[in-house]
Amino acid sequence: MLKGMTRLTTRVHKLDPGHFLRMGTQASQSLAAPLDSQVSSESLRSISRTSEDDPAKHEERHEGQHYNLPLQEMKTIFPHGLPPRFVMQVVKTGEEIGVKTFSEACLMVRKPALELLHHLKNTNFALPAVRYVLYGEKGTGKTLSLCHIIHFCAKQNWLILHIPDAHLWVKNCQDLLQSTYNKQRFDQPLEASVWLKNFKTANERFLSQIKIQEKYVWNKRESTEKGSLLGEVVEQGITRVRNATDAVGIVLKELKRQSSLGIFHLLVAVDGVNALWGRTTLKREDKSPIAPEELALIYNLRKIVKNDWNGGAIVLTLSQTGSLFKPRKAYLPQELLGKEGFDALDPFIPILVSNYNPTEFESCIQYYLENNWLQHEKAHTEEGKKELLFLSNGNPGQLERLCAYL
Amino acid sequence: MAAPCVSCCALLSYRLFFRGKVNLAPRQVLWKAAAAELPTVSGSQISRLRHTTVLTTKKNVAALRRETYTVDFIKKQIDEFNIGKRHLANMMGEDPETFTQEDIDRAIAYLFPSGLFEKRARPIMKHPEQIFPKQKAIQWGEDGRPFHFLFYTGKQSYYSLMHDAYGKLLNLEKHKNELQAKGLFSEEAKTKDLIGSRWLIKEELEEMLVEKLSDQDYEQFIRLLERLLTLQCGAAEEEFLQSFRRSVTIQSKKQLIEPVRYDKQGMAFSTSEGKRKSAKAEAVVYEHGSGRIKVNGIDYLLYFPVTQDREQLMFPFHFLDRLGKHDVTCTVSGGGRSAQAGAIRLAVARALCSFVTEEEVEWMRQAGLLTADPRIRERKKPGQEGARRKFTWKKR
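Everything numeric here is computed off the predicted structure, so don't read it as measured data.

Calculation criteria
- Residues numbered from 1 in each chain as written.
- Chains lettered and ligands numbered in written order.
- Predicted model: local features only at pLDDT ≥ 70, side-chain atom pairs only at ≥ 80, totals over all residues.
- Heavy atoms only, no water.
- Helix = DSSP H or I, 4+ residues; strand = E, 2+ residues; numbered from the N terminus.
- Buried < 20%, exposed > 50% of the residue type's maximum accessible area, 1.4 Å probe, protein only.
- Contact = heavy atoms within 4.5 Å.
- Areas by Shrake-Rupley, 256 points an atom, 1.4 Å probe, with all protein chains shown as cover.
- Pairing = 2+ DSSP bridges.
- Axes fitted to C-alpha atoms, helices over the stretch in contact; angles between N-to-C directions.
- Buried area = accessible area lost by both parts, 1.4 Å probe.
- Salt bridge = Lys/Arg side-chain N within 4 Å of Asp/Glu carboxyl O.
- Polar contact = N/O pair within 3.5 Å; in protein donor to acceptor, adjacent residues only side chain to side chain.
- Left-handed = near helix turned anticlockwise from the far one by under 90°.
- Patch = residues over 30% accessible without salt bridge, like charges linked within 9 Å, V, L, I, M, F, W, Y side chains within 5 Å.
- Phe/Tyr/Trp six-rings, centres within 6.5 Å; stacked < 30°, edge-to-face > 60°.
- Lys NZ or Arg CZ within 6 Å of the ring centre and 35° of its normal.
- Lys, Arg positive; Asp, Glu negative; His and termini not counted.
- Charge placed at Lys NZ, Arg CZ, Asp CG, Glu CD.
- Expected span 1.5 Å × (residues − 1).

Along the backbone of chain A there are 16 helices and 12 strands. Counting every position in chain A, which comprises 406 residues, the buried fraction comes to 53%. The long-range fraction of contacts in chain A, counting pairs at least 24 apart against all pairs at least 6 apart in sequence, stands at 73%. Of the roughly 19000 Å² that chain A leaves accessible, carbon and sulfur atoms contribute 53%.

Structure representation (structure tokens):
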């Protein structure tokens, strides 16, 4: 099925992505049976929550329900990956429950994520990596869907290469060094070292298994031999901040090369991928602007997002929120990626993430009510729910912001 | 009477000058400046000139004293008015016999178009009784003896009115007792006369009696009338009571309700416009829908990122409990984000009137949903930095 899809994408990517979605998702049925809200609170709880914690077993019948994400896993898999508002929500839930050790994160199972999971379960690792692009309006849940996918892949023991927000690498960088490896490019030691630390936390067990296949010389005194562990490269990057960017480049190159060998499955997850082909706000000393390709991190990232390797998948998210010089209402891939980016990502599977439909909305409200987030006395009445629906128009981000005040 | 006449003519001309009137040839049409709107209820007193001494001082203190008009003067004015009315009717080519006050107003507005903003400063021609304030007649005869038996109370018309009303009350009670004794008494309800009318206010009563009253006097009078209401009255008493009631116009009947239109697919919809500051909006509300709103082709969540604006849009639907039931498509231009939201809100509320009962329209009007917000940006004044902000005050 994937073969057919890759051929189709080249022909079809110019069409309306919604049209393609309808073709590609013949397997996914219509919505799960609409659940009444007049049932007792017991079954209301069953509407909004499910006990199925393993993303691999999530199916359409779980659509709209929240599943529990244990804190420990959260810390290992997503050291940096979750959006800040979500983390705040988790911390808040923990404080309200009163016991700091037991606080939970709940993610909602939604259709785009289910679709992606379905594709991922059926990936053919012999073929080049397929690119999936999650796009949608602001606040519809692209980043959290990405986190859901990452959780699934982590459970399946894939190697996760997660860049939480590519926009952070193209703006507000205090120190830019000229790259030691290539004189035209620029290094970003701080961002690279932070990322390396998080990468290490996320993928501890792989670092002691993978061996690099080349010798890398850092400077006159230090070098890493061929056949030593990847973990050593990462350590080098973390300790010697000056070489962090090069360490990142090496990691990306090695992983790309070795995933084709089939030792492990590689998931490349980039949030805000439109930063790679946009503009930067960084300037040289003579105030001339820097193009993204002159940043070493971005250059290496572009290489790994190309689909010339196999043995894994690439899941990307577009984001207008952190993007530079893009209008607020732009959300389509063509608008956010620009011509260059669109051509670079050319055969990809677009997945639209939209606002909540009525069941999902109900479920979200139930979840908030259970955790005592909504203290307003009208919150659990029908009129209150209608008001919230109108004010947020089903947009998850807006709804969360509204409920934070109630 | 010649001397007083002359002086009072001088007074009149002086007053005319003060009020900004121009007295053309007396036989022609007279412009009279309007006083405050005087009631047309005929007074119970005959206006005769009060005997006032004419001060002959060097300064012209005419403006400081109460203006006095002789009976002859008023009569003369009335004659002149009637003749002038006939002339005006001839001028306009209408029948002098059936020339009403509205016709007069229209004719004057046509012949003397005025660009003045203040309506009371424009030329008018009205019956002298409406223009000259009513004055008390002489209340004592040549021997100095007052005509009215209650003159020495000070407020003779008020007390005589109270006396009459109380007399009527006593009569009615006596009548009722007689009927009860005979066993012919029967209860009847009569509340229908009272809806849509109100009692006189204190100012109107003062004008009617041409006397100053205190608040307690007025309250006492109203209480007496209420007591009269509770009893059964004959026709004469009813008339007496009705002369003290004024009607209250019901505001909502002036509300214009758009008709419901049907488009090609047979969907019912209604269109209307709304304005706020400098934003103009036109909204098309469909009767059956799912609560989607599109502004200038863009979803309202994207067009109004601020929650406050979306709450404004929600207000008409939430008030009528029709949150998810209508679809709206609207266009808006001008103004800022808050003004556009307010304009759309007004347009939507007006459009919803056509799908809603009369009572709910009245509720909406009382909630202020159907009133256009009259607030506009205040002009900057010279000598100040802004509309209200003054320049920094420096002591030296």
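The discussion continues.
All names here are of chain A. With mixed pairing, the three strands of this open sheet are ordered in space as β1-β2-β3. Of all the strands in the sheet, just β1 (49-50) and β3 (105-108) have a single pairing partner and so form its edges. Across four bridges, the pairing between strand β2 (residues 66-69) and β3 is antiparallel. Note that in β3 the partner of Tyr-67 across the bridge is Leu-107. Its contacts with the sheet put helix α7 (residues 142-155) on β2 and β3, and the angle it makes with β3 is roughly 105 degrees. Lying on the sheet, helix α14 (residues 358-370) is in contact with β1, β2 and β3; it crosses β3 at an angle near 170 degrees.

Turning our attention to the interface of chain B and chain A. Each side of the interface is counted separately: chain B has 17 residues, and chain A has 14 residues. When chain B packs against chain A, close to 1500 Å² is buried across both sides, 61% of that on carbon and sulfur atoms. Area buried by chain B at its contact with chain A is led by Leu301(B), Leu302(B) and Leu323(B), which between them contribute 36% of it. On the surface where chain B and chain A come into contact, there are zero salt bridges. On inspection of chain B and its partner chain A, the count reaches seven residue pairs in polar contact (both at pLDDT 80 or more).

All names here are of chain A. Burial analysis of strand β4 (residues 130-135) places six of its six residues in the buried class, the great majority of the element. Along β4, one buried face is formed by Val-130, Tyr-132 and Leu-134 and the opposite face, lined by Arg-131, Val-133 and Tyr-135, is buried too. Strand direction decides the pairing type here: β4 and strand β11 (residues 312-317), joined by five bridges, are parallel. By the bridge assignment for β11, Leu-134 is matched with Thr-317. Here β4 pairs with strand β12 (residues 348-352) via five bridges, running parallel. If you follow Tyr-135 over to β12, its bridge partner there is Leu-352.

Attention now goes to the packing of helix α8 (residues 189-202) of chain A against helix α10 (residues 230-239) of chain A. Residues and elements named next belong to chain A. Axis separation between α8 and α10 bottoms out at 9 Å; the angle between their running directions is 145 degrees. The handedness of the crossing between α8 and α10 comes out as left-handed. In this structure, α8 uses Leu-196, Lys-197, Phe-199 and Lys-200 to contact α10, whose residues at the interface are Val-234, Glu-235, Gly-237 and Ile-238.

The next subject is a nonpolar patch on the surface. All names here are of chain B. Taken together, the side chains of Met-91, Met-92, Tyr-110 and Leu-111 present a nonpolar region at the surface, about 420 Å² in accessible area. Those elements giving two or more residues to the nonpolar patch turn out to be α2 (71-92) and α3 (101-111). In this fold, Leu-111 is placed in helix α3.

All names here are of chain B. Buried residues dominate helix α6 (residues 202-209), accounting for six of its eight residues. Inspection of α6 places Lys-202, Glu-204, Leu-205, Glu-206, Met-208 and Leu-209 among the buried residues, and these make up the whole buried set. Taken together, the buried residues of α6 touch α5 (156-182), β1 (197-199), α7 (215-230) and β2 (245-247). Once α6 ends, the next one or two residues include Val-210, with phi positive near 55 degrees.

Applying the stated criterion across every chain, the model contains 20 aromatic pairs over all chains. With 5.7 Å between their ring centres and 20 degrees between their planes, Tyr69(B) and Phe73(B) make a pair best called stacked. Taking the relative accessible area as the measure of exposure, Tyr69(B) reaches 5% and is therefore buried. The class of Phe73(B) is buried, set by a relative accessible area of 5%. Seen from their ring centres, Phe73(B) and Phe132(B) are 5.6 Å apart, and the 80 degrees between their planes marks the pair as edge-to-face. Of this pair, Phe73(B) sits in helix α2 while Phe132(B) sits in the loop between α4 (128-131) and α5, and the two are 59 residues apart along the sequence. Every member of this aromatic cluster is reached through a ring pair, and the members are Trp169(A), Trp195(A) and Phe199(A). Positioned above the aromatic ring of Tyr299(A) is the side chain of Arg185(A), whose terminal nitrogen or guanidinium carbon lies 3.8 Å from the ring centre.

Right, let's talk about a positive patch on the surface for a bit. Residues and elements named next belong to chain A. Judged by side-chain charge, Lys-138, Arg-328, Lys-329 and Arg-401 come together as a positively charged surface patch. With respect to the helices and strands, Arg-401 occurs in helix α16 (residues 396-405). Judged by relative accessible area, Arg-401 falls into the partly exposed class, the value being 40%.

Within the secondary structure, Lys202(B) is located in helix α6. Polar contacts involving the side chain of Lys202(B) include one to the side chain of Asp215(B), which spans 3.4 Å.

Turning to the sheet that holds strand β3 (residues 261-262) of chain B, a few remarks are in order. All names here are of chain B. If you walk across this open sheet you meet the six strands as β3-β4-β5-β8-β6-β7, and the pairing is mixed. The two strands at the open ends of the sheet, each matched to only one other strand, are β3 and β7 (298-299). Alignment of strand β5 (residues 279-286) against strand β8 (residues 327-333), held across seven bridges, turns out to be antiparallel. Residue pairing in the sheet places Glu-282 in a bridge with Thr-331 of β8. Taken strand by strand, helix α11 (residues 337-352) contacts β4 (268-276), β5, β6 (293-295) and β8, and its axis lies near 140 degrees from that of β4.

Summed over the entire model, instances satisfying the criterion amount to 33 salt bridges over all chains. Here Glu362(A) ties to Lys385(A) by a salt bridge, and the two come within 3.8 Å at their closest N and O atoms. Of this pair, Glu362(A) sits in helix α14 while Lys385(A) sits in helix α15 (residues 382-392); the two residues are 23 residues apart in sequence, bridging distant segments of the chain. The partner of Arg106(B) in a salt bridge is Asp103(B), with the nearest N and O atoms 2.7 Å apart. Of this pair, Arg106(B) and Asp103(B) both sit in helix α3, three residues apart, which is roughly one turn of that helix. On the accessibility criterion, Asp103(B) (14% relative accessible area) is buried.

All names here are of chain B. The buried count for β4 comes to seven of nine residues, which makes it a mostly enclosed element. Pairing of β3 with β4, which is carried by two bridges, proceeds in the antiparallel orientation. Within β4, the residue paired with Arg-261 across the bridge is Phe-269. Taken together, β3 and the strand that follows it, β4, pair antiparallel across an intervening segment of five residues, in which Gly-266 is found at a positive phi of about 90 degrees. Relative to β5, β4 is paired through eight bridges, and the arrangement is antiparallel. Residue pairing across strands places Ser-272 opposite Ala-283, the latter belonging to β5. Connecting β4 to the antiparallel partner β5 that follows it, the hairpin turn spans two residues, and Lys-277 within it adopts a positive phi of roughly 55 degrees.

Our next topic: α14(A). All names here are of chain A. Its 13 residues place the ends of α14 18 Å apart at the C-alpha level, agreeing with the 18 Å of an ideal helix rising 1.5 Å per residue. What α14 keeps buried is the set Glu-360, Phe-361, Glu-362, Ser-363, Cys-364, Ile-365, Gln-366, Tyr-367, Tyr-368 and Leu-369. Phi turns positive one or two residues past the end of α14, at Asn-372, with a value near 60 degrees.

The quantities given are spatial measurements derived from coordinates; they are silent on function.
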